[in-house]
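This is what each chain is made of:
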Amino acid sequence: MTGPLLLAIESSCDETGIALVEDGRRIHANIVASQVALHAPTGGIVPEVAARAHLRWIVPVLDEALATAGVTMGDVDGVAVTYGPGLAGSLLVGINFAKALAWVHGLPLVPVNHLEGHVYAGWLLDPGEAEREAPSFPLVALVVSGGHTFLVEMRDHLDYRLLGTTVDDAAGEAFDKVGRLLGLGYPGGPAISAAADRAVTKDRVFPRAWLRDSYDMSFSGLKTAARRIVALARADAGLPADERDGALPDDIVAELAWGFQDSVVDVLTAKTIRAAEETGARGIVLGGGVAANAALRGRIASEAAARGLAMVIPRPGLCTDNGAMIGAAGARRMAAGVRAGLDLDARPSLPLAR
Ligand code: KG4
Ligand code: ZN
């Protein structure tokens, strides 16, 4: 071991994640119990159901994490836990579990912001992965998930200056809504990406919300436009208005999925690259569930490379919610002396602190 071994717990939304991370970088275990199948029939997350599933899975996930890493609680130097933002009931399951573990084993309890976790996923190394340089400052981070979409500048560890954020919906939420409109099921992101890959003709152009010179973003207009475009396509195909009354032909779904995805990718890429150039960043870090999107990854990576900007995009499994990212951010917080007491409470609307 080259640094402290953190046990990190993530339960803010619909994934129960527990990881063991050494020195804020090296993953020893990263177990995620996903509730995607549980929430698919309702087409979205039911908070009560999510909290109960965390309770059901948190102990087996801990056992598997310790077994995978080949360690016991005696080897652990601290417990990091997400305390916000997220669903209150879900957060409380992880927080109370973390408190109990920290108390029983006499370990420091380190509170972590979920959004910061998505940024710090860029520092992680998989078990057995060759060492590589950590992202260097100053950098610009784009976090795009189901609940959040923002751009920040970081000049040092734990130092965030918010450049822009969505003024309405998160990008992932737009993927999920449009996925539903196209009859692609939940979650929409991966399904839209797969459908877009099958598009042969790429001329269905969706609008872009540029919001002038601002780094802010907007996706609600795109969602409304998508509703209109899908309705027109259904009428053209002679289908009734309701998407439950018959599916659009596969090739049209693919073209529409491509058009929607291209609009999101275009705006996210342009804003991020401009932010990196205007702030004099050395590189870009991408995070959040939507960063698992292959079109976004490819586009932003090639635009960054063309400008000599270093680019860090975690593998898809580290972009979506997981415990390891909380361990990466938690290590930085622990090193900075951040500790929580046993009165730590859930902060459902916690902003990304400065
Ligand atoms: O970060 P995350 O796992 O949870 C939140 O903190 O929200 O992000 C989940 C979001 C969902 O909206 C999902 O549709 C989206 O990430 N997502 C994707 C892809 N994989 C997941 N969006 C686009 N393309 C993907 N491949
Ligand atoms: Zn997340």
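Refer to the structure above for everything that follows.
Since we're looking at a predicted model, the values are computed, not measured. Residue numbering note: each chain is counted from 1, following its sequence as written. To label them, take the chains in the order written and letter them from A, then take the ligands in the order written and number them from 1. In keeping with the model being predicted, local features are shown solely for residues with a pLDDT of at least 70 and side-chain atom pairs are shown and tallied solely at 80 or more, while totals for entire chains, interfaces and linings include all residues. Hydrogens and waters are ignored; side-chain quantities use all the structure's heavy atoms.

Engineer: Sorry, what's going on with the overall build of the protein here?
Structural biologist: Under the scheme used here, helices are H or I runs from DSSP no shorter than 4 residues and strands are E runs no shorter than 2 residues, and both carry numbers assigned from the N terminus. A tally of helices and strands in the protein yields 11 helices and 10 strands. For the protein, whose C-alpha radius of gyration is 20 Å, the value lies close to the compact-globule estimate of 20 Å for 354 residues. With respect to the three principal axes, the spread of C-alpha positions in the protein is 65 × 45 × 35 Å. In the protein, buried positions account for 55% of the 354 residues. Contacts spanning at least 24 positions in sequence make up 74% of the contacts within the protein whose residues lie at least 6 apart. About 14,500 Å² of surface is accessible on the protein, with carbon and sulfur atoms providing 54% of the total. By the counting scheme adopted, Arg and Lys are positive, Glu and Asp are negative, and His together with the chain ends is not counted. In plain terms, the charge of a residue is placed at NZ if it is Lys, CZ if Arg, CG if Asp and CD if Glu. Seen as two clouds, the 32 positive and the 41 negative side-chain charges of the protein have centres 4 Å apart. Radius of gyration here uses only the C-alpha atoms, and the compact-globule reference equals 2.2 Å multiplied by the residue count raised to the power 0.38. Burial status follows relative accessibility: with a 1.4 Å probe on protein chains alone, a residue under 20% of its type maximum counts as buried, one over 50% as exposed, and anything between as partly exposed. The contact rule is simple, with two residues in contact once any of their heavy atoms fall within 4.5 Å. Surface exposure here means Shrake-Rupley accessible area, sampled with a 1.4 Å probe, where a residue is shielded only by the protein chains that are shown.

Engineer: Is there a simple way to explain the coordination of the zinc ion (ligand 2) in this structure?
Structural biologist: In ideal tetrahedral geometry, four donors around a metal make angles of 109.5 degrees, whereas ideal octahedral geometry with six donors gives angles of 90 or 180 degrees. Coordination of the zinc ion (ligand 2) by the protein involves H114 (NE2), H118 (NE2) and D321 (OD), with metal-donor separations of 2.0 to 2.1 Å. Of note is the zinc ion (ligand 2), whose 4 donor atoms meet at the metal with angles of 94 to 140° in an arrangement that counts as irregular. The donor set comprises N, O and S atoms within 2.8 Å of the metal, extended to 3.2 Å for Na, K and Ca; water molecules are omitted, so apparent gaps in a site may simply reflect that omission. Site description for the zinc ion (ligand 2): donor spacing in sequence, H-x3-H-x202-D. Note that H114 is positioned in helix α4 (residues 114-120) and D321 in the loop between α10 (316-319) and α11 (323-335), a separation of 207 residues in sequence. The burial state of H114 is the same as that of D321; both residues are buried. For four-coordinate sites, all angles between 85 and 135 degrees define a tetrahedron; for four- and six-coordinate sites, opposite donors beyond 155 degrees with the remaining angles between 65 and 115 define square planar and octahedral shapes respectively, and all other cases count as irregular.

Engineer: I keep staring at the packing of helix α5 (residues 171-181) against helix α8 (residues 250-279) and nothing clicks. Help me out?
Structural biologist: The angle between the axes and the distance between the axes are what describe a pair of packed helices. Each axis is a line fitted through C-alpha atoms, taken for helices only over the stretch in contact, and angles between the N-to-C directions span 0 to 180 degrees. As a packed pair, α5 and α8 sit with axes 11 Å apart at the nearest point and diverge in direction by 175°. Classified by the interaxial angle, the pair formed by α5 and α8 is roughly antiparallel. Two secondary-structure elements touch here, α5 through A171, A174, F175 and V178 and α8 through F260, Q261 and V264. Each residue gets one of three labels, nonpolar for Ala, Val, Leu, Ile, Met, Phe, Trp, Tyr, Cys and Pro, charged for Asp, Glu, Lys and Arg, and polar for the others, Gly among them. In the contact of α5 with α8, the residues fall into 6 nonpolar, 1 polar and no charged. Roughly parallel means an angle under 35 degrees; roughly antiparallel means over 145; roughly perpendicular covers 65 to 115; every other angle is labelled oblique.

Engineer: What is the right way to look at the pattern of salt bridges in this model?
Structural biologist: Pairing is possible between side chains of opposite charge, provided their charged atoms come close. We define a salt bridge as a side-chain nitrogen of Lys or Arg found within 4 Å of a carboxyl oxygen belonging to Asp or Glu. Taken as a whole and assessed by the stated rule, the structure comprises 19 salt bridges. In this structure, D242 engages R244 in a salt bridge whose closest nitrogen and oxygen atoms are separated by 2.8 Å. What makes R244 exposed here is its relative accessible area of 72%. Ionic contacts of the salt-bridge type, sharing partners, join the residues R208, D262, D266, E277, R299, E303 and R307 into one network.

Engineer: Can you help me understand the pairing of strand β5 (residues 109-113) in this one?
Structural biologist: Regular strands show a simple pattern: their side chains alternate between the two faces of the sheet. When you tally the buried positions in β5, you get 5 out of 5 residues, the bulk of the element. The alternating pattern of β5 places L109, P111 and N113 on one face and V110 and V112 on the opposite face, and all of these are buried. The criterion for strand pairing is that DSSP finds at least two bridges linking the strands in question. The sheet contact formed by strand β4 (residues 78-84) and β5 spans 5 bridges and is parallel. Following the sheet pairing, T82 is matched in β5 by V112. Once the chain exits β4 it traverses helix α3 (residues 88-105) before rejoining the sheet at β5, and the crossover so formed is right-handed. Orient the strands so they point away from the viewer; a crossover is then right-handed if the path from the first strand over the helix to the second runs clockwise.

Engineer: Could you clarify how one ought to interpret the site of ligand 1 in this entry?
Structural biologist: Each residue is tested against the molecule or strand, and it is near if at least one of its non-hydrogen atoms lies within 4 Å. Contacts to ligand 1 come from 19 residues, most closely from G146, D176, G189, G289 and N293. Two N or O atoms count as a polar contact when they lie within 3.5 Å, although within protein this holds only if one can serve as hydrogen donor and the other as acceptor, and sequence-adjacent residues are included solely when both atoms are side-chain atoms. Here G289 contributes a backbone N or O atom positioned 3.0 Å from an oxygen atom of ligand 1. Contact with the protein chains removes 88% of the 550 Å² of surface that ligand 1 exposes when unbound. Mapped by element, the contributors of at least two residues to the shell around ligand 1 are α4, α5 and α6 (188-197). The leading source of residues in the shell around ligand 1 is α5, at 3 residues. Along the lines of polarity and charge, the residues of the shell around ligand 1 split into 6 nonpolar, 11 polar and 2 charged.

Engineer: What is the right way to look at the nonpolar core in this model?
Structural biologist: Nonpolar side chains in soluble globular proteins tend to end up buried together. As used here, the term nonpolar core means buried Ala, Val, Leu, Ile, Met, Phe, Trp, Tyr and Cys residues forming a set that is joined through side-chain atoms within 4.5 Å. Residues F219, L256, F260, V264, L268 and L296 are the most contacted members of the largest nonpolar core, which totals 48 residues. Of all elements in the fold, only β6 (139-144), α5, α6, α7 (220-236), α8, β9 (283-287) and α9 (294-306) reach the threshold of two or more residues within this core. No other element matches the 13 residues that α8 contributes to this core. Contacts of F260, omitting those with residues within four sequence positions, involve A174, F175, V178, I192, F206 and L222.

Engineer: Even after reading the chapter, I still don't get the pairing of β4, so can you show me in this structure?
Structural biologist: Burial within β4 is extensive, with 7 of its 7 residues counted as buried. In the sheet, strand β1 (residues 5-10) pairs with β4 via 4 bridges, with the strands oriented parallel. Residue I9 lies in a different strand from β4, and its bridge partner there is V81.

Engineer: Could you clarify how one ought to interpret a nonpolar patch on the surface in this entry?
Structural biologist: Patch construction takes residues with relative accessible area above 30% that form no salt bridge. Like charges are linked within 9 Å, and nonpolar side chains (Val, Leu, Ile, Met, Phe, Trp, Tyr) are linked within 5 Å. A cluster of nonpolar side chains, W103, V104 and L342, forms an exposed patch at the surface whose accessible area comes to about 380 Å². With respect to the element layout, V104 can be found in helix α3. V104 gets classed as exposed once you look at its relative accessible area, which sits at 57%.

Engineer: Hey, could you run me through the sheet that holds strand β8 (residues 159-165) in this one?
Structural biologist: Either a parallel or an antiparallel arrangement is found when strands of a sheet pair, and the pairing is made through backbone hydrogen bonds. Ordered in space as β8-β7-β6-β9-β10, the 5 strands form an open sheet in which the pairing is mixed. Two strands bound the open sheet, and with one partner strand each, they are β8 and β10 (310-312). Geometrically, the sheet is characterised by an average inter-axis angle of 20° between neighbouring strands, direction not taken into account. Sheet topology note: the strand β7 (residues 149-156)/β8 ladder contains 6 bridges and is antiparallel. Bridge pairing links L151 to G164 in β8. Where α8 meets the sheet, its contacts fall on β6, β7, β8 and β9, and the angle it forms with β6 comes to roughly 160°.

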